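Residue-level structural notes
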Amino acid sequence: MADSSGKKKLLVLGGGPGGYPAAFEAADHGMDVTLVDQDPQPGGVCLNRGCIPSKALLHVAKLITESREASHLGVTFEEPKIDLDKLRGFKNGVVGKLTGGIRELCRARGVKLIQARGSLLNSTTAELKHADGKTEKLSFDYCIVAVGSRPAMPPMFNLGDPRIMDSTGALELADIPKKLLVIGGGIIGLELGQAYACFGSKVTVVEMLPAICAGADRDLVNPLQKRLATQFAGIHVNTKVKSLKATPEGIVAELEGEGVESPQTFDRVLLSVGRVPNGKGIGLETTKAKVTDRGFVEVNKKMQTADPNIFAIGDVAGEPMLAHKATREAKVAVEVILGEPAEFDNLAIPSVIYTDPEVAWCGLTETQAKEQGIEVNVVRFPWAASGRAQAIGRTEGLTKVLFEPKTERILGMGIVGPGAGELIAEGVLAVETAAVARDLAESIHAHPTLSETIMESAEGAFAQATHIYRPKRK
Ligand code: NAD
């Protein structure tokens with residue numbers, strides 16, 4: 001079904017960080033590409049209602065915190081005043097520039113960008129429903145499904161009251177509520193909770209599990225939790241929300257947990273209890289592709305579904321639901337369509353919590369090593385021994401590296417501290433390229449930088465780190 005010029009026709013459903021890189025890669029390799037997204041602005045949740053706007057708000061939140069904390073350094077600022085319209089304008093401006101950029105790149109690469117809701121009619125045809133209700137049919141040789149995920153909204157919390165927000169609502173920044181309840185102490189809850197706390201809300205987090213950020217190693221979460229404890233009105237773990245009730249005074253929450261006051265009334269509630277994949281309702285049942293009960297599209301390592309014409313990538317193709325995983329999967333899917341022997345075989349997908357301090361890790365975690373009985377050496381380098389950390393007054397950080405004991409091969413890395421999300425890239429490269437401790441220890445890291453904490457952690461695998469002396473055990 002190649003077009004008149006003999007080019008293979010690719011339909012990409014969904015224009016997020018999975019879909020648009022797939023469309024670009026395919027166009028760069030000479031395919032006839034149509035990129036369909038129901039949103040007026042391409043870029044998906046990540047760009048429009050997720051990663052990017054939240055980072056814009058977190059940047060401002062950090063600025064506010066730093067200005068307050070500068071008095072310890074001998075500089076005193078006035079208490080920051082927030083112009084909410086301007087702040088919203090800044091955030092929306094960032095999003096606008098980036099979505100405009102994607103539109104421009106589509107034009108330059110000859111990718112047809114169509115705003116419509118797409119669904120499959122069979123393995124070679126899709127129906128596109130436009131905003132005005134009109135429909136059109138589109139035939140393709142291959143389709144890459146990259147339709148993402150949406151915030152989970154359990155029915156007991158879905159009161160239809162705008163004061164109960166998901167991440168999309170919270171990012172709209174309608175106001176700064178006096179009292180904000182965050183349900184779910186995961187990544188979204190802590191990132192947005194911290195932003196609102198810095199803007200002036202009294203934030204209470206309830207988490208049903210025994211710990212916040214349950215997927216991360218505790219020694220990495222501890223410095224974050226300590227800081228959040230000074231910024232939040234409360235962090236309640238092992239705590240359930242028994243009910244929410246909308247009243248004129250606010251949202252009344254019945255909470256159940258040790259030492260938790262209940263009921264409490266909040267001006268707004270942020271529900272951040274995970275995301276739901278969008279694999280249902282897009283016509284995949286008319287093809288051979290299989291969708292799980294939760295809504296994930298089943299794929300193999302080549303991102304192929306059970307239907308030879310249909311691929312799936314990103315949040316809809318499985319955990320972890322991370323933009324950068326989607327982008328890598330996009331490249332794999334297109335390479336497979338082009339007949340190359342590609343597979344998603346990455347060992348290290350970095351996870352970053354973009355709070356202040358940031359928490360980042362990649363490869364094997366210490367918790368996973370324990371659970372799976374994998375023998376590892378773990379070397380920690382506390383940032384108190386880093387000249388740069390001292391100079392910026394952020395000594396609570398920690399860098400740790402996990403090694404294979406016999407070969408000293410680097411299996412994983414974890415970092416907490418400002419900039420951890422940037423620093424973890426070195427860990428990803430080390431794990432992916434099978435670097436050993438000496439590779440990191442003997443590579444010159446600029447002084448004074450926080451990246452030296454990685455070099456010194458690595459040194460600790462076979463010698464003493466320069467800035468820490470640990471007496472040898474007799
Ligand atoms: P999450 O899975 O990270 O955290 C949800 C938390 O809510 C969990 O700790 C869970 O135990 C808790 N929870 C669930 N039901 C609850 C209830 N009824 N009461 C109290 N607690 C409850 O989910 P999220 O924070 O909503 O994020 C969703 C997805 O988006 C994740 O897959 C995440 O990877 C992705 N994301 C990533 C980033 C990033 O990379 N920085 C940022 C935002 C979102």
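The shown structure was predicted, so the numbers you read here are calculated from the model rather than taken from an experiment.

**Overview of the site of the ligand**
Near the ligand, the surroundings consist of 19 residues, among which Ile188, Glu191, Glu207, Gly274 and Val352 are the closest. Contact between the ligand and glutamate 207: an oxygen atom at 2.6 Å from a side-chain N or O atom of the residue. A distance of 3.3 Å is found between a nitrogen atom of the ligand and a backbone nitrogen or oxygen belonging to methionine 208. Notes on the ligand: free accessible area 840 Å², of which the protein chains cover 78%. Counting residues per element, the shell around the ligand draws most heavily on helix α6 (residues 187-199), which supplies three residues. Residue composition of the shell around the ligand, grouped by class: twelve nonpolar, four polar and three charged.

**Concerning the nonpolar core**
Counting 49 residues, the largest nonpolar core has Leu10, Val33 and Ile144 as the members making the most contacts within it. Among the secondary structure elements, those contributing two or more residues to this core are β1 (9-13), α1 (19-28), β2 (32-37), α4 (84-109), β5 (125-129), β7 (142-145), β18 (310-312) and α8 (323-337). The greatest single-element share of this core, amounting to six residues, is contributed by α8. Once residues lying within four places of it in the same chain are set aside, the contact partners of leucine 10 are Ala26, Met31, Asp32, Val33, Thr34, Tyr142, Cys143, Ile144 and Ile337. Formed by 36 residues, the second largest nonpolar core is a distinct cluster that contains Leu84, Leu180, Val221 and Leu224.

**Structural notes on the packing of helix α3 (residues 51-69) against α4**
Each packed pair of helices is defined by two parameters, the angle between the axes and the distance between the axes. Where α3 contacts α4, the axes come no closer than 9 Å and their chain directions differ by 140°. Between α3 and α4, the angle is such that the two are oblique. In the packing of α3 onto α4, the handedness of the crossing is right-handed. Across from Ile52, Pro53, Ala56, Leu57 and Val60 in α3, the residues of α4 making contact are Leu87, Phe90, Lys91, Val94, Val95 and Leu98.

**Some words on the UniProt feature "domain: FAD/NAD(P)-binding" (unreviewed entry) in the chain**
Here, the residues flagged by UniProt with the feature "domain: FAD/NAD(P)-binding" (unreviewed entry) are residues 9-330. Here residues 9-330 is 32% helix and 25% strand, with 16 Å between the C-alpha atoms at its ends.

**Remarks on the environment of alanine 253**
Within the secondary structure, alanine 253 sits in strand β14 (residues 250-256). Separated by ten residues in the primary sequence, alanine 253 and serine 243 place their C-alpha atoms 5.8 Å from one another. Sequence-distant contacts of alanine 253, that is, excluding residues within four places in its chain, are made with Leu181, Ser243, Leu244, Ser262, Pro263, Gln264 and Phe266.

**Things to note about the packing of aromatic side chains**
Each aromatic ring pair is characterised by the separation of its centres together with the angle its planes make. Enumeration over the complete set of coordinates arrives at two aromatic pairs. Where tyrosine 20 meets phenylalanine 24, the ring centres are 5.6 Å apart and the plane angle is 55°; that geometry is what we call tilted. A residue pair is termed a helical-turn pair when its members lie 3 or 4 positions apart in one helix, as tyrosine 20 and phenylalanine 24 do in helix α1 at four residues. Relative accessible area serves as the criterion here: at 22%, tyrosine 20 is assigned to the partly exposed category.

**Thoughts on the sheet that holds β5**
Backbone hydrogen bonds are what pair the strands of a sheet, in a parallel or an antiparallel way. Taken together, the three strands give an open sheet; going across it, the order is β4-β5-β6, and neighbouring strands pair in antiparallel fashion. Strand pairing shows two members of the sheet lacking a second neighbour, β4 (117-122) and β6 (135-139), which therefore form its edges. On average, each strand axis in the sheet is inclined to that of its neighbour by 30°, with strand direction left out of account. Here β4 runs beside β5; their pairing, made up of five bridges, is antiparallel. Bridge pairing in β5 links glycine 118 to leucine 128.

**A word on unusual backbone geometry**
Most of the time, phi is negative for any residue but glycine, and the peptide bond is trans. Residue proline 320 is bonded to the preceding glutamate 319 through a cis peptide linkage, with omega at -10°. Of note, proline 320 is situated in the loop between β18 and α8. With omega at 0°, the peptide bond leading from aspartate 356 into proline 357 counts as cis. The residue proline 357 is located in the loop between β19 (351-353) and β20 (358-363) in this model. In this model, cysteine 213 sits at a positive phi of 45°, which is unusual for a non-glycine residue. With respect to the helices and strands, cysteine 213 occurs in the loop between β11 (202-206) and α7 (218-231). Judged by relative accessible area, cysteine 213 falls into the buried class, the value being 7%. Phi is positive for asparagine 238, close to 50°, though the residue is something other than glycine. Looking at where asparagine 238 falls in the secondary structure, it is placed in the loop between β12 (234-236) and β13 (240-247). Accessibility expressed as a relative area gives 48% for asparagine 238, which makes it partly exposed.

Cut-offs applied
Residues numbered from 1 in each chain as written. Predicted model: local features only at pLDDT ≥ 70, side-chain atom pairs only at ≥ 80, totals over all residues. Heavy atoms only, no water. Near = heavy atom within 4 Å. Polar contact = N/O pair within 3.5 Å; in protein donor to acceptor, adjacent residues only side chain to side chain. Areas by Shrake-Rupley, 256 points an atom, 1.4 Å probe, with all protein chains shown as cover. Helix = DSSP H or I, 4+ residues; strand = E, 2+ residues; numbered from the N terminus. Nonpolar A, V, L, I, M, F, W, Y, C, P; charged D, E, K, R; others polar. Core = buried A, V, L, I, M, F, W, Y, C linked by side-chain atoms within 4.5 Å. Buried < 20%, exposed > 50% of the residue type's maximum accessible area, 1.4 Å probe, protein only. Contact = heavy atoms within 4.5 Å. Axes fitted to C-alpha atoms, helices over the stretch in contact; angles between N-to-C directions. Parallel < 35°, antiparallel > 145°, perpendicular 65-115°, else oblique. Left-handed = near helix turned anticlockwise from the far one by under 90°. UniProt positions renumbered as here; feature names shortened; annotations may be inferred. Phe/Tyr/Trp six-rings, centres within 6.5 Å; stacked < 30°, edge-to-face > 60°. Pairing = 2+ DSSP bridges.

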